[in-house]
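The primary structure of each chain is shown beneath.
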Amino acid sequence: MPEKNKVYTAEITALTSEGSGVCRIDGMAVFVPETAIGDVAEIKIVKVLSSYAYGIVYRIITPSPDRFDRPCSVYKKCGGCVYRHISYDAECRAKEAVVRDAFERIGGLSPKFDSFLSADTADRYRNKAQYPLAVADGKAVCGFFAPRSHRVIPIEDCPLQPKIFSEITETILGFINDKKISVYDETNGNGIMRHIYLRTGTHSGEIMVCLVARKDISRQLAPLCRKLSENFSAIKSIVLNINNARTNIILGEKCITLFGNDTISDTMCGNTVEISPLSFYQINTKQAERIYGKALEYAAPTGSDTIADLYCGAGTIGLSMAHQAGQIVGVEIVPEAVENAAANALRNGITNTEFHCGDAGTVFAELRKNGCSPDIIVVDPPRKGCSENTLNIIAEAAPDKVVMISCNPSTAARDAKFLCNHGYSADRVCGADLFPATRHVECVVLLSREKS
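Being a predicted model, the structure only gives us computed values, none of them experimental.

Novice: I keep staring at empty space enclosed by the protein and nothing clicks. Help me out?
Specialist: Gaps between atoms show up when a probe of the same size as a water molecule is rolled over them. For the coordinates displayed, the defined rule picks out three cavities of 30 Å³ or more. The calculated volume of the largest cavity comes to roughly 50 Å³. Val273, Glu274, Ile275, Ser279, Phe280, Tyr281, Ala314, Thr316, Asn340 and Asn344 together form the lining of the largest cavity. Contributing elements (two or more residues each) for the lining of the largest cavity: strand S16 (271-275) and helix H7 (335-347).

The following block contains the structure:
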């Protein structure tokens, strides 16, 4: 067993789903962040448990061919990225292995694995940023929380965000400091400004600035609105969100439009969508369109097929399939998302859709009692996966196909295994990188009902 604080030499032979390297020292698995497959390194043991240990790099002896510097001055502090030390090709291979491992090992399944959907760009892909505010050296700063804490790491420019976001936040911080507007302190509930929240339409280029404050300071912000609108022509909306609750939830329920429109617009899979501060919208638009395209390929609906879209959110997946299907029936538990879905359908002249609010399994069970018999079911569940109730109802409904879009390959494999034990076969799986440089990986799964 390796000893704490002792340095060992070992070769990294694998990567975990969290992005850490794996080596073996004295027969025990040791997890080492910021390493790459093929690294030979001196590793200092920092924690030893009964069956595994954690280490840190003491010195790289022979670097892996996968090592590649993807510059960011603060990623080791903010913890958002875990793959900035290796090439993007190596990152995609690692994520593809995570997907394959989940279905083969956790699910015990042998689907056909389609080519991994890598992103066209590994930087500047995010259409949304939420920056908490803090005080450093007597001045307001913004950035991201350090891992497992609420300590703000000041960030001038995040390589995952559009460059213009940094220019906008610099202007806002300058105004806050010049006017001496206080910054919220969550330890005592004092202070006013809480977050800077930015959104942009990837295709439209429109930008929304949302300033989150503890109380209404509209008059104080009027000069800032003029400055922002004059300096950044892409800004089409400036909104003040009021959040006076002692909570770590970012947004409150009340929004006040200070400049321009209440929303910005963009297109997703050819459909126009309106985005408010409270709307759900995929953060990597172009890559989400590719994932939805793969889901449509798997579903392959005919003009007469009924598609049940469970966990439908704002309806973007179902609406992307509506032109090739007979009917789309969406179910979502968040009321605002259901309203957005219905409005998006109306906005795009899509008339073969209906959306229902409530728990996916419960509402779908009621729909089935009222005669809804889908040919295809599409599910896009949260990270925890589908509830057992929902899976049982899907199996009972016995659609010809189930298409699953998942942000967690492990729970996707678990749910696919359940359905395979209830009359389905897992035919195809496609991994996809929606969030380059981070540990997250998505997958799309096709399950078909066995004819026997």
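Following the structure, the description resumes.
Novice: Explain the sheet that holds strand S10 (residues 152-154) here, please?
Specialist: Hydrogen bonds along the backbone pair up the strands of a sheet, which may run parallel or antiparallel. If you trace the seven strands from one edge of the open sheet to the other, you get S10-S9-S8-S11-S12-S13-S14, paired in mixed fashion. Of all the strands in the sheet, just S10 and strand S14 (254-260) have a single pairing partner and so form its edges. On average, adjacent strands in this sheet sit at an angle of 35° to one another, irrespective of strand direction. Inspection of the sheet shows strand S11 (residues 193-200) paired to strand S12 (residues 207-213) by seven bridges, in the antiparallel sense. Looking at S12, one finds that Arg199 is bridged to Met208. Contacting S12, strand S13 (235-242) and S14, helix H4 (residues 218-231) crosses the sheet at an angle of about 45° to S14.

Novice: Is there a simple way to explain the pattern of salt bridges in this structure?
Specialist: Here the idea is simple: oppositely charged side chains can pair when their charged atoms come close. Per the counting criterion, the structure on display carries 21 salt bridges. Asp123 is the partner of Arg84 in a salt bridge, and the nearest nitrogen-oxygen pair spans 3.2 Å. Here Asp123 lies in the loop between strand S7 (112-113) and strand S8 (128-136) and Arg84 lies in the loop between helix H1 (75-78) and helix H2 (88-106), a separation of 39 residues in the sequence. Among the ionic pairs, Arg449 bridges to Asp400, the shortest N-O distance being 2.9 Å. Of this pair, Arg449 sits in strand S23 (residues 442-449) while Asp400 sits in the loop between helix H9 (388-397) and strand S21 (401-406), placing them 49 residues apart in sequence. Among the residues examined, Arg449 registers a relative accessible area of 32% and is labelled partly exposed.

Novice: Would you mind showing me how to read the side chain of Ser166 here?
Specialist: For Ser166, the position within the fold is in helix H3 (residues 163-178). According to the relative accessible area criterion, Ser166 is buried, its value standing at 12%. In contact with Ser166, other than residues within four places in its own chain, are Glu156, Asp157 and Cys158.

Novice: Any chance you could explain the layout of surface pockets here in plain terms?
Specialist: There is about 410 Å³ of room inside the second largest pocket. Around the second largest pocket sit 21 residues that line it, and Leu15, Thr16, Ser17, Ala97 and Val98 are the ones nearest its centre. Looking at the lining of the second largest pocket, the elements with two or more residues in it are strand S2 (14-15), H2 and helix H10 (409-420). It is H2 that provides the largest number of residues to the lining of the second largest pocket, a total of nine residues. Here the residues of the lining of the second largest pocket are counted per class, giving 14 nonpolar, three polar and four charged.

Novice: Would you explain the environment of Val379 in this entry?
Specialist: Examined against the element boundaries, Val379 turns out to sit in strand S20 (residues 376-379). Among the residues examined, Val379 registers a relative accessible area of 0% and is labelled buried. Expressed as a C-alpha distance, the spacing of Val379 and Val444, which sit 65 residues apart in the sequence, is 9.9 Å.

Novice: Explain the packing of H9 against H10 to me, please; I cannot follow it from the model alone.
Specialist: Axis angle and axis distance: for two packed helices, these are the angle between their axes and the distance between the axes, and together they describe the pair. As a packed pair, H9 and H10 sit with axes 10 Å apart at the nearest point and diverge in direction by 40°. The orientation of H9 relative to H10 falls into the category oblique. For the pair H9 and H10, the crossing hand works out as right-handed. Two secondary-structure elements touch here, H9 through Glu388, Leu391, Asn392, Ile394 and Ala395 and H10 through Asp415, Phe418 and Leu419. Of the residues that constitute the contact of H9 with H10, the class distribution is five nonpolar, one polar and two charged.

Novice: Quick question: what am I supposed to make of the sheet that holds strand S5 (residues 40-48) here?
Specialist: With mixed pairing, six strands are arranged side by side in an open sheet as S1-S5-S6-S4-S3-S2. This sheet does not close on itself; its edge strands, each paired only once, are strand S1 (7-11) and S2. Of the strand pairs in this sheet, strand S4 (residues 28-32) and strand S6 (residues 52-62) are connected by three bridges, and their pairing is parallel. Directly across from Phe31, in S6, lies its bridge partner Tyr54.

Novice: How do you make sense of H4 when you look at a structure like this?
Specialist: Because the α-helix completes a turn every 3.6 residues, residues three or four places apart line up on one side. Compared with an ideal rise of 1.5 Å per residue, which puts 14 residues at 20 Å, H4 spans 20 Å between its outermost C-alpha atoms and is within 8% of the ideal. Considered for burial, the residues of H4 that qualify are Leu221, Leu224, Cys225 and Leu228. Contact partners of the buried residues in H4: H3, S12, S13 and S14.

Novice: Quick question: what am I supposed to make of the packing of aromatic side chains here?
Specialist: Here the distance between the centres and the angle between the planes together describe a pair of aromatic rings. Under the criterion given, the structure shown has four aromatic pairs. Taking 5.6 Å as the distance between ring centres and 55° as the angle between the ring planes, the aromatic pair formed by Phe31 and Tyr52 counts as tilted. Taken together, the positions of Phe31 in strand S4 and Tyr52 in strand S6 put the pair 21 residues apart, joining distant regions of the chain. What makes Tyr52 partly exposed here is its relative accessible area of 28%. For the pair Tyr52 and Tyr54, a centre-to-centre distance of 5.7 Å together with 85° between the ring planes defines the contact as edge-to-face. Members of the aromatic cluster, connected to one another through ring pairs, are Phe31, Tyr52 and Tyr54. Over the ring of Tyr184 we find Arg194; its NZ or CZ atom is 4.0 Å from the centre of that ring.

How each quantity is defined
- Residues numbered from 1 in each chain as written.
- Predicted model: local features only at pLDDT ≥ 70, side-chain atom pairs only at ≥ 80, totals over all residues.
- Heavy atoms only, no water.
- 1 Å grid on protein atoms, 1.4 Å probe; cavity = no way out; pocket = protein on both sides within 12 Å on 5 of 7 lines; lining within 4 Å.
- Points joined across faces, edges and corners; volume = space filled by probe spheres on them.
- Helix = DSSP H or I, 4+ residues; strand = E, 2+ residues; numbered from the N terminus.
- Pairing = 2+ DSSP bridges.
- Axes fitted to C-alpha atoms, helices over the stretch in contact; angles between N-to-C directions.
- Contact = heavy atoms within 4.5 Å.
- Salt bridge = Lys/Arg side-chain N within 4 Å of Asp/Glu carboxyl O.
- Buried < 20%, exposed > 50% of the residue type's maximum accessible area, 1.4 Å probe, protein only.
- Nonpolar A, V, L, I, M, F, W, Y, C, P; charged D, E, K, R; others polar.
- Parallel < 35°, antiparallel > 145°, perpendicular 65-115°, else oblique.
- Left-handed = near helix turned anticlockwise from the far one by under 90°.
- Expected span 1.5 Å × (residues − 1).
- Phe/Tyr/Trp six-rings, centres within 6.5 Å; stacked < 30°, edge-to-face > 60°.
- Lys NZ or Arg CZ within 6 Å of the ring centre and 35° of its normal.

Distances and angles like these do not, on their own, reveal function.
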